[in-house]
Structures are given as structure tokens and as C-alpha cells.
Amino acid sequence: MKFNTGVLSREIFSINFSAFEFQQLMISKFKGIFFTASRQKSPNSPSNLPPLPYLKPFSTSQILGTKMESEAPAPTLLLLAGKSNEEKDVAKILQDNNTLQLHKNGEQVEVVLHSQVQTPFKDDEFRVEEYFYSLSTTRFGRLLIYSPKLSSTHDVISQNNSDLPVGSVCVADVQLKGRGRTSNVWLSPKGCLLFSFSIQMEDGRMVPHLQYVVCLAMTEAIKAICVEKGTPHLDVRIKWPNDLYLGGLKVGGILSTSVYRSKKFYISAGVGLNVGNEKPTTCLNAVLKRVNPLSRELKREDIIAAFFNKFESFYDVFLEQGGPSCYMPMPKHDVACGFQALEELYYTTWLHSGQRVIVQDRSDDQDQLVENVVTIQGLTSSGYLLAITDDGQMCELHPDGNSFDFFKGLIKRKLS
């Protein structure tokens, strides 16, 4: 049984390329060999480790493939890394047991441990050591799955969720089939921060609000990084339900999906954020440069580490507040238990308090839809928009499921 707990789009990351143009771009970016490992000891490796097995180098033609060759496409490269020895041991078990798979995508995977990589990372590739250095969590983000080029980070997590520790994260430099609302597929180029991570929850009533915790953690992480690095403030705001806006332009989005089995919700939460790719709209670093040309650029590694540091603390509050008292009956117009402690901070970050919107409602004879104007007040216990009519009636706003913009085609439902 599958439940869509968030509806995101990472449409902002869409760029149009012909197949040939894209292949030439990728060849220029990924020219040469990605990762190699030999029997030569790495200078950073402990002396008591056994010699590393020979790994076949991945060349550009193997990674991209060509239509002129009949051979099967090269496997997707997944690099596993852990912050501590505990996560490194888990990574080794995942590699030894050939656990990680992308069978639903028809892809083969090649799993490599971070300790087996001797080729230095390029400047535009994700820096694993820098990320772990800034990470201070106890659960989230500590087991990393990294790939230079991947179909979808969300697919890696969702298709392997039950085999991964809670908080495992998949990061990619380039994403070819990013997941979006209504199964849209989007190309996500270099410069984006692209990651998905695993969560498990038992109370299904709290699951719809989890995407709001993710959104809030990201906006607060960006604020914290700007303060830490001494850069101008970036006022990233939340557009309901799961988009991130800066200066009126979309710079990111969240996707949250879940599957229920064995009395648990296995949740895959994905984030896409324009950090260094100015096209097609704008990005964080472009805005920083306009405000102060001498400002330091933000790094993906710092932002994702700050995100998990914030998310873990917010998530703990979310779970603690969602205890036994949440099983008591509550009015529909109260926000869900667990999110109440974060509600005030969330409303200072989103764009909609007091916003007037046009909604659709059935006429008295139920024959046709009529339009009315309501004022947004907040969120309901089910995660939809809480609004009030001009005559004081409380109502819940639902998207019609057809409109590209959530705020077009809103349907009003009366709350008792």
C-alpha cells in the first residue's frame, strides 16, 4: 500500500537539452576515469588493512554509453561512506551482501567504499570529508551513499529503505530522472544540492506534517550557515506545501513519499536546492553575489550538514510532542500533535499568513462550482490549509489535483 505524503516538484531544476548536447556536456564534465583502486596502499589508510582488490576503472564511455555500441550500459556507481566506524561497518556489510539495488529502474549498481577510492575528488564533486566534518548528528546523515551521476537519489532510498539504517542519505552531483509531482521527471544539473534520506515512523497521522519539518529545517539551516560564514542573510521562504522561494523565485523543493509495511511507514524524503546553478531562475550564490560581490560562496557540503543538524533536533521535538496525548480527539482546525511546538517558527518562515485566495465551492443546488475569497490562517491537523471565510466560517483548503500551481483550483471544505 503506497501513500503520497508530499507532493513536490523539483521543477526548478529543469533544463532542456538534446540527447547529443547533454552527452557532450557530460563528457566534458566527467572526462577520464572516476574512481580506481589498486593494491597500492593509500597514504591515509591504516597499515593493518589487507590489500585492496583491483577494481576496474570507470571510463567516460562506460558511464555514459553510446548508441553505436551494443554493450549494456555501465552500472551506476554508488560510493558508501560513514562518519564513524559503526557506519563504516554497515557500509562494508551493504557492499559484501550486494544489498543496494535499483531493479525497478532496470539499472545495475557498482558499490565502492570510500576507503577504496584513491583518485582525488574534483572541485565540483561532493566532498565527503568536508561534509562529515560539519555534521554533528547522532542518527541522521551519518551513512552516506554518493554518486557523481545518478538517475534519482529518491529511487536509491525508496527502493532500499527497509535495508538501510534510519537517516541514511543519498547525494548526487547530477540527477538525470529527478522525481517530481505527478511523476514528472526532471534533469538536475551540477550546482544543485540533491539528496534523499530515510525515515521510519509508526503513527500515520504525523506523516503528512513531516514534509513541513523538512522544509523548516532547510530554511533554518541556510540562515545558520549565513551567520556562521558571515555572508548576507538569505531570506528563503516556504511556499506551501513544499517549495522553497528566494526573492519571489523558486530555488528548491521537497518530495516526501512513504510505503506502509510491517506496521511502519518507510518514508523517503528528498530535497533539491539551487546552490550554485543560476539557470533557469536563480540560486543562493547568485543572490549572495548581487548583494555583496565579495561574499563567500556557500558550499553544498556545509548546507546539507547544517540541514541534518537542524532536522535531527526538530524531528526529536516532533516525535516527543507526538506522544500518547496525540491519541485524544482534537478539533480538525488544530495543527497535528508533534508539529505544534514548531508551528510558530514555521509560520514566520512561510509565505501565506493572512493571504487572500480564491477557492471553489459547490453552489447550494450542487450543480456548479462557485468562487469565493478566503483568508489563510495556518495548517489543519491533516496538513492542509486552514482558512476563514469573510463571514467567519472555518474551512480546509485542498488542491484540485489538476492545477500546476497549488493555489489555483483550491477546493474549500467546511470544518465543523
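Rules used in this analysis
- Residues numbered from 1 in each chain as written.
- Predicted model: local features only at pLDDT ≥ 70, side-chain atom pairs only at ≥ 80, totals over all residues.
- Heavy atoms only, no water.
- Core = buried A, V, L, I, M, F, W, Y, C linked by side-chain atoms within 4.5 Å.
- Buried < 20%, exposed > 50% of the residue type's maximum accessible area, 1.4 Å probe, protein only.
- Helix = DSSP H or I, 4+ residues; strand = E, 2+ residues; numbered from the N terminus.
- Contact = heavy atoms within 4.5 Å.
- Polar contact = N/O pair within 3.5 Å; in protein donor to acceptor, adjacent residues only side chain to side chain.
- Phe/Tyr/Trp six-rings, centres within 6.5 Å; stacked < 30°, edge-to-face > 60°.
- Lys NZ or Arg CZ within 6 Å of the ring centre and 35° of its normal.

1. A look at the nonpolar core
The nonpolar side chains of a soluble globular protein tend to be buried, and buried together.
At step 1: Phe 195, Phe 197 and Phe 311 are the most contacted members of the largest nonpolar core, which totals 79 residues.
At step 2: The leading source of residues in this core is helix α6 (residues 207-229), at 13 residues.
At step 3: Apart from residues lying up to four places away in sequence, Phe 311 is in contact with Phe 140, Phe 197, Ile 199, Leu 210, Val 213, Val 214 and Ala 217.
At step 4: Core analysis: the next-biggest nonpolar cluster, separate from the first, contains 17 residues, Leu 100, Leu 143, Ile 157 and Ala 172 among them.

2. Observations regarding the side chain of Ser 151
At step 1: Turning to its location among the elements, Ser 151 is positioned in the loop between β4 (143-150) and α5 (153-160).
At step 2: By relative accessible area, Ser 151 is classed as buried at 7%.
At step 3: At a separation of 3.4 Å, a polar atom in the side chain of Ser 151 contacts the side chain of Asn 105.

3. Here's the deal with the packing of aromatic side chains
At step 1: Summed over the entire model, instances satisfying the criterion amount to 22 aromatic pairs.
At step 2: Aromatic side chains Phe 197 and Phe 307 sit 5.7 Å apart centroid to centroid with 65 degrees between the ring planes, which places their arrangement in the edge-to-face category. Placement of Phe 197 in strand β7 (residues 192-201) and of Phe 307 in helix α8 (residues 300-321) is noted, with a sequence separation of 110 residues between them.
At step 3: Judged by relative accessible area, which is 0%, Phe 197 ranks as buried.
At step 4: Seen from their ring centres, Phe 311 and Tyr 315 are 5.5 Å apart, and the 20 degrees between their planes marks the pair as stacked. A residue pair is termed a helical-turn pair when its members lie 3 or 4 positions apart in one helix, as Phe 311 and Tyr 315 do in helix α8 at four residues.
At step 5: For Tyr 315, a relative accessible area of 4% gives the class buried.
At step 6: Three or more aromatic residues joined by ring pairs form one cluster here, namely Phe 140, Phe 195, Phe 197, Phe 307, Phe 308, Phe 311 and Tyr 315.
At step 7: We note Arg 261 situated over the ring of Tyr 266; from NZ or CZ to the ring centre the distance is 4.6 Å.

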